[in-house]
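# Per-entry structural report
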Amino acid sequence: MTTPAPDDETLMADALKLARRAAEAGEVPVGAVLVAAGRVVGEGWNRPIAACDPTAHAEILALRAGARALGAYRLPGTTLVVTLEPCPMCVGAMIHARVERVVYGAADPKTGALGGAMALHEHGSHNHRLAVTGGVLAEASAELLRGFFRARRGSRGRRPEDDA
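Residues numbered from 1 in each chain as written. Predicted model: local features only at pLDDT ≥ 70, side-chain atom pairs only at ≥ 80, totals over all residues. Heavy atoms only, no water.

As named in an unreviewed UniProt entry, the protein chain is tRNA-specific adenosine deaminase, taken from Sediminicurvatus halobius. The UniProt entry for the protein chain carries the following text under Subunit (unreviewed entry): "Homodimer." One UniProt comment on the protein chain, placed under Sequence similarities (unreviewed entry), says "Belongs to the cytidine and deoxycytidylate deaminase family. ADAT2 subfamily." (UniProt positions renumbered as here; feature names shortened; annotations may be inferred.)

In structure tokens form, the structure reads like this:
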């Protein structure tokens, strides 16, 4: 993992704003921004429910927007900043797009593919390597997720596993 750059926290704060938009829409609160040459070229927040699209993760939407803005499907030299450690689908898309660097907030030990549950980015079959910086504003990212799921459980009552 690499050391956070000075603007990583600022960009993560922007991603957290997008994650809040997802939460307000009833989606899992994850937000992402894609940066090229110091400017945001794409952004996204989770929308799989609203879009009826299982691939409408924040990272994928930010990559799509960035690719349109830059007029290319390869995105070398870009940094993707996301509030939650990306899943295997999203890491695969980043590798194929040739994203240079990924910055994430909260780790995801269940499905995270940058070291949480697996380290897909380090698999020997890939001809592109991502630089990874994790833990940027991790507590703020994690608390947003915890609050979202706590509220969802509260609206349906407690589950037995909540007492474990």
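Back to the text.
### Here's the deal with the nonpolar core
Judged by nonpolar contacts, the single largest core of 30 residues is most densely connected at Leu80, Met94, Val99, Leu114 and Leu130. Elements that contribute at least two residues to this core include exactly strand S1 (31–36), helix H3 (58–70), strand S3 (78–84), helix H4 (88–97), strand S4 (101–106) and helix H5 (138–156). When near neighbours in sequence (up to four residues on either side) are disregarded, valine 99 contacts Leu63, Leu75, Thr78, Leu80, Met94, His128 and Leu130. Formed by 14 residues, the second largest nonpolar core is a distinct cluster that contains Ala19, Val33, Val35 and Trp45. (Core = buried A, V, L, I, M, F, W, Y, C linked by side-chain atoms within 4.5 Å. Buried < 20%, exposed > 50% of the residue type's maximum accessible area, 1.4 Å probe, protein only. Helix = DSSP H or I, 4+ residues; strand = E, 2+ residues; numbered from the N terminus. Contact = heavy atoms within 4.5 Å.)

### A few points about the pattern of salt bridges
Between side chains of opposite charge, pairing is possible as soon as their charged atoms come close. Counted by the stated rule, this structure contains five salt bridges. The closest approach of N and O atoms between aspartate 8 and arginine 101, which form a salt bridge, is 2.5 Å. Taken together, the positions of aspartate 8 in helix H1 (residues 8–24) and arginine 101 in strand S4 put the pair 93 residues apart, joining distant regions of the chain. A residue is classified by how much of its surface remains accessible, and aspartate 8, at 1% relative accessible area, is buried. We classify arginine 101 as buried; its relative accessible area is 14%. The salt bridge involving aspartate 53 is made with arginine 64; its shortest N-O contact spans 3.8 Å. On the criterion of sequence distance, the pair formed by aspartate 53 in the loop between helix H2 (48–51) and H3 and arginine 64 in helix H3 is long-range, its members being eleven residues apart. What you see here is one network of salt bridges that share partners, running through Glu139, Glu143, Arg146 and Arg150. (Salt bridge = Lys/Arg side-chain N within 4 Å of Asp/Glu carboxyl O.)

### A word on the packing of aromatic side chains
How two aromatic rings sit relative to each other is given by the distance of their centres and the angle of their planes. In the structure shown here, the tally under the stated rule is one aromatic pair. Judged by centre distance (5.1 Å) and plane angle (80 degrees), the rings of phenylalanine 148 and phenylalanine 149 are edge-to-face. When its relative accessible area of 10% is taken as the criterion, phenylalanine 148 is described as buried. Residue phenylalanine 149 is classed as partly exposed on the basis of its relative accessible area of 33%. Over the aromatic face of tryptophan 45 sits the side chain of arginine 21, whose NZ or CZ is 3.9 Å from the ring centroid. (Phe/Tyr/Trp six-rings, centres within 6.5 Å; stacked < 30°, edge-to-face > 60°. Lys NZ or Arg CZ within 6 Å of the ring centre and 35° of its normal.)

### Quick notes on the UniProt feature "active site" (unreviewed entry) in the protein chain
Here the UniProt feature "active site" (unreviewed entry) sits at Glu59. In this structure, glutamate 59 sits in helix H3. With relative accessibility at 4%, the residue glutamate 59 sits in the buried group. When residues no more than four places from it in sequence are discounted, the contact partners of glutamate 59 are Ala32, Leu80, Val82, Leu84, Pro86, Cys90 and Met94.

### Some remarks on the side chain of aspartate 108
Mapped onto the elements, aspartate 108 comes out in the loop between S4 and strand S5 (131–133). In this structure aspartate 108 is buried but unpaired, with lysine 110 as the nearest side chain of opposite charge at 7.2 Å. Engagement of the side chain of aspartate 108 in a polar contact is seen with the backbone nitrogen of lysine 110, the distance being 3.1 Å. Reaching out from aspartate 108, the side chain makes a polar contact with the side chain of threonine 111 at a distance of 2.7 Å. Ignoring sequence-local partners within four residues, the contact set of aspartate 108 consists of Leu84, Glu85, Gly116 and Ala117. (Lys, Arg positive; Asp, Glu negative; His and termini not counted. Polar contact = N/O pair within 3.5 Å; in protein donor to acceptor, adjacent residues only side chain to side chain.)

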